[in-house]
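Take a look at the letters that make up each chain.
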Amino acid sequence: MEIHSTSSLSRRKFLTTTALAGTAIYLGIGPDLGSAAHDPPPETTTLRLRQWAPACWAPFYVAEPLLRDEGFTDIKYVSFPGTEYVNMLEREEVDLSPSFTPLDMINVERSNSPLTFLSGMHRGCYALVGNERIRSVNDLKGKRVWTGSIENNGPHVFFKTIVSYVGLNPDTDFEYLWISKGEAMKLFLEGKIDAFMSFPPGPQELMDKGIGHLLVDTNIDRPWSQYFCCTIVGHTKFVKNNPVATKRAIRAILKANDIVAKDPQLATDTLLQRKIRKESEKKYVLQAVKDIPYGKWRAYNPEDTLRFYALRLREVGMLDSQPEEFIRKHTDWS
């Protein structure tokens, strides 16, 4: 585990950018976000945020100066392997995190993870890529696929929901290869894997290099484009004990959504500065941030997202709760 107390983000650049047309106009902040001046101070000035590799989580990092404006003086970005996520929650070592929505829904129910869903963040980050022999999702029946190196991780869960939606059985209709991404890419180029799940900036790099084609692009393909793929979750104890701090933090992150939408270069630079993504990926990270419609978060309902994925996960036997029961137990939209 690595903890980064941050003050290195270029606040000068942020302030210069917002000054171009006035902060309110530049950010596109509507009255629904409220104002920090009208709220009590946060119950705690310390905030621990999860730091991980997905480029689509850029708003969490761009939000750092906005979090300081909300009264947080000790902001820690906590870095740990994805396989340690559940253990970190149990040890109460992270307060807020971006979430691959269906994966955390499973974590809540199967691992009893102390998570509360708080807000939507963005839609349209993941993609299903196929080779030239595959023209539709239905063509994948009986084929070899890569959905991550670990069973029931984020890519695998998303893949299951996609293929079951068109009537395929995710447990019996495919041959999964649980290998590294590098090895999977090699086999894909050799024609030994027919499709794989990819997250930003993976699809952007592949399309730029003319490798494969998109079978499902959640930026545009329904029904996936109608729901948040990534939401914001908080440790249940933190949310319960710090409602004002939680509200202030969510507000900063949603404002950061608008900043990323209007200044994808700033978001890309932030990911590179924090060494979340590599300099060699800059071109593809920038394209990914441009592709994801961060600024449209107001148009979608996080409760509808959980309802949709609860139904999909029940179809594949990965969730027992009825949608309304899950929403009642594990959300706090206030």
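Description of the structure in this document. Keep in mind that this is a model prediction, so the values were computed, not measured. (Residues numbered from 1 in each chain as written. Predicted model: local features only at pLDDT ≥ 70, side-chain atom pairs only at ≥ 80, totals over all residues. Heavy atoms only, no water.)

## Quick notes on the overall build of the chain
For step 1, the next point in the chain: In terms of helices and strands, the chain carries 15 helices and eleven strands.
For step 2, the next point in the chain: Here the chain holds 334 residues, and the buried ones make up 58% of them.
For step 3, the next point in the chain: For the chain, restricting intrachain contacts to residue pairs at least 6 apart in sequence, the fraction spanning at least 24 positions comes to 81%. (Helix = DSSP H or I, 4+ residues; strand = E, 2+ residues; numbered from the N terminus. Buried < 20%, exposed > 50% of the residue type's maximum accessible area, 1.4 Å probe, protein only. Contact = heavy atoms within 4.5 Å.)

## Description of the pattern of salt bridges
Opposite charge on two side chains allows them to pair when their charged atoms are near.
For step 1, the next point in the chain: Scanning the entire structure with this criterion turns up 23 salt bridges.
For step 2, the next point in the chain: A salt bridge links Arg68 to Glu64, with the nearest nitrogen and oxygen atoms 2.3 Å apart. In this pair, Arg68 and Glu64 both sit in helix α4 (residues 64–69), four residues apart, roughly one turn of the helix.
For step 3, the next point in the chain: Classification of Arg68 as partly exposed rests on a relative accessible area of 27%.
For step 4, the next point in the chain: A relative accessible area of 2% places Glu64 in the buried class. (Salt bridge = Lys/Arg side-chain N within 4 Å of Asp/Glu carboxyl O.)

## Quick look at the pairing of strand β6 (residues 127–130)
For step 1, the next point in the chain: Side-chain alternation along β6 places Ala127 and Val129 on one buried face and Leu128 and Gly130 on a second face that is also buried.
For step 2, the next point in the chain: Across four bridges, β6 lies against strand β9 (residues 195–198) in antiparallel orientation. Of the residues in β9, the one forming a bridge with Ala127 is Ser198.
For step 3, the next point in the chain: The pairing of β6 with strand β10 (residues 213–217) spans four bridges and is antiparallel. Directly across from Ala127, in β10, lies its bridge partner Asp217. (Pairing = 2+ DSSP bridges.)

## Considering the packing of helix α6 (residues 101–110) against helix α7 (residues 154–165)
For step 1, the next point in the chain: Where α6 contacts α7, the two axes come as close as 8 Å, and the packing angle between them is 105°. The angle between α6 and α7 falls in the class roughly perpendicular. Here Pro102, Leu103 and Ile106 of α6 come into contact with α7, specifically with Gly154, Val157 and Phe158.
For step 2, the next point in the chain: Class assignment of the residues belonging to the contact of α6 with α7 gives a composition of five nonpolar, one polar and no charged. (Axes fitted to C-alpha atoms, helices over the stretch in contact; angles between N-to-C directions. Parallel < 35°, antiparallel > 145°, perpendicular 65-115°, else oblique. Nonpolar A, V, L, I, M, F, W, Y, C, P; charged D, E, K, R; others polar.)

## Some details on the side chain of Thr161
For step 1, the next point in the chain: You can see Thr161 is positioned in helix α7.
For step 2, the next point in the chain: Residue classification places Thr161 among the buried residues on the basis of a relative accessible area of 0%.
For step 3, the next point in the chain: With near-sequence residues (within four places) excluded, Thr161 lies in contact with Trp224, Tyr309, Arg312 and Leu313.

## Digging into the nonpolar core
For step 1, the next point in the chain: With 88 residues, the main nonpolar core has Leu67, Met105, Cys125, Tyr126, Leu128, Leu140 and Phe159 as its most contacted residues.
For step 2, the next point in the chain: Of the residues forming this core, the biggest block, nine residues, is contributed by helix α11 (residues 243–262).
For step 3, the next point in the chain: Among residues more than four places away in sequence, those in contact with Phe159 are Leu128, Leu140, Val145, Thr147, Phe174, Tyr176 and Met197.
For step 4, the next point in the chain: Ranked by size, the runner-up nonpolar core spans eleven residues in total, among them Ala184, Leu187, Phe196 and Ile211. (Core = buried A, V, L, I, M, F, W, Y, C linked by side-chain atoms within 4.5 Å.)

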